[in-house]
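Here's the letter readout for the chains.
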Amino acid sequence: PDLKTYQVSITGDRFLYKMVRFLVGAIIACGEGKLSIEDVETALRDGRFEQKPMCAPPNGLVLDSVEYMQRIQWIENDRKQYW
C-alpha cells in the first residue's frame, strides 16, 4: 500500500481536547481536495464546520517538547489552585 507521511509542527500556549488532531485533519483534507481553504477559514472564524471535520488518528502523533514560564506563581482560591 502507498504510505503517506506528513510532518506538521504546531506551537501554542494551550490546546483544547483533540484540537491538534482536528487541525491536522483539516490540513490533510485540504491537501486531498476534500475541504477548501475557505471552508477552514470560515470554520476558524465562526467556530464550526459546515461538514463534520476529519480527526487525524493519534498514530504517530508526537509531543516534542513542553516549555514553562521561568516563574510559576501559585494562587490559592476557594481550595482550588490556579497558576
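One can find the structure itself at the top, above this paragraph.
J.: Honestly, the overall build of the protein in this entry has me stumped. Any pointers?
T.: Scanning the protein from terminus to terminus reveals 2 helices and 2 strands. From first element to last, N terminus to C terminus, the protein shows the α and β order α-α-β-β. The proportion of buried residues among the 83 residues of the protein is 12%. Counted over contacts in the protein with a minimum sequence separation of 6, partners at least 24 positions apart contribute 38%. Of the roughly 8,200 Å² of accessible surface on the protein, a fraction of 52% belongs to carbon and sulfur atoms.

J.: When you look at a nonpolar patch on the surface in this model, what are you seeing that I'm missing?
T.: There is a patch of nonpolar side chains on the surface, built from Tyr6, Val8, Ile10, Phe15, Leu16, Met19, Leu23, Ile27 and Leu44 and spanning about 830 Å² of accessible area. Broken down by element, the residue count for the nonpolar patch peaks at 3 residues, all from helix H1 (residues 19-31). Judged by its relative accessible area of 30%, Leu23 is partly exposed.

J.: I keep staring at the pattern of salt bridges and nothing clicks. Help me out?
T.: Throughout the structure, instances matching the rule amount to 3 salt bridges. Between Lys34 and Glu32 there is a salt bridge, with the nearest N and O atoms lying 3.2 Å from each other. With its nearest N and O atoms 3.3 Å apart, the salt bridge here joins Asp46 to Arg45. Under the relative-accessibility criterion, Asp46 is labelled partly exposed at 40%.

J.: Please clarify how unusual backbone geometry should be interpreted in this entry.
T.: Of note in the backbone geometry, Lys18 takes a positive phi value of approximately 60 degrees without being a glycine. Relative to the elements of secondary structure, Lys18 occurs in the segment before H1. The exposure class of Lys18 is partly exposed, given its relative accessible area of 31%.

J.: Got a minute to help me understand the side chain of Arg21 in this structure?
T.: Considering the arrangement of structural elements, one finds Arg21 in helix H1. Of the buried charged residues, Arg21 lacks a salt bridge, with Glu32 as the closest side chain of opposite charge at 15 Å. The residues contacting Arg21, other than those within four sequence positions of it, are Met54, Cys55, Ala56, Pro57, Pro58 and Leu61.

J.: Can you help me understand H1 in this one?
T.: It helps to recall that an α-helix has 3.6 residues per turn; residues three or four apart then point in one direction. Between its terminal C-alpha atoms H1 stretches 19 Å, which fits the 18 Å expected from 13 residues at 1.5 Å a residue. Looking at the buried side of H1, the elements it contacts are helix H2 (37-46). Just past H1, the residue Gly33 takes up positive phi, approximately 80 degrees.

About the criteria used
- Think of each chain on its own: its residues are numbered from 1, step by step along the sequence as written.
- Residues qualify for local features only when their pLDDT is at least 70, as the model is predicted, and side-chain atom pairs are given and counted only at 80 or more; totals for whole chains, interfaces and linings, by contrast, use all residues.
- For side-chain calculations, the full set of non-hydrogen atoms in the structure is used, while hydrogens and water are omitted.
- Strands here mean DSSP runs of E at least two residues long; helices mean DSSP runs of H or I at least four residues long; both are numbered from the N terminus.
- In this scheme, a residue with accessible area under 20% of its type's maximum is buried, one over 50% is exposed, and one in between is partly exposed, where area comes from a 1.4 Å probe on protein chains only.
- A contact between two residues is defined here by any heavy atoms of the two lying within 4.5 Å.
- Computed by Shrake-Rupley with a 1.4 Å probe, the accessible areas treat only the displayed protein chains as cover when residues are assessed.
- To count toward a patch, a residue needs a relative accessible area above 30% and no salt bridge. Like charges then connect within 9 Å, nonpolar side chains (Val, Leu, Ile, Met, Phe, Trp, Tyr) within 5 Å.
- Salt bridge, as used here, is a side-chain nitrogen of Lys or Arg placed within 4 Å of a carboxyl oxygen of Asp or Glu.
- In this tally, Asp and Glu contribute negative charge and Lys and Arg positive charge; neither His nor the terminal groups of the chain are included.
- Given a helix with a known number of residues, its expected span is that number minus one, times 1.5 Å.

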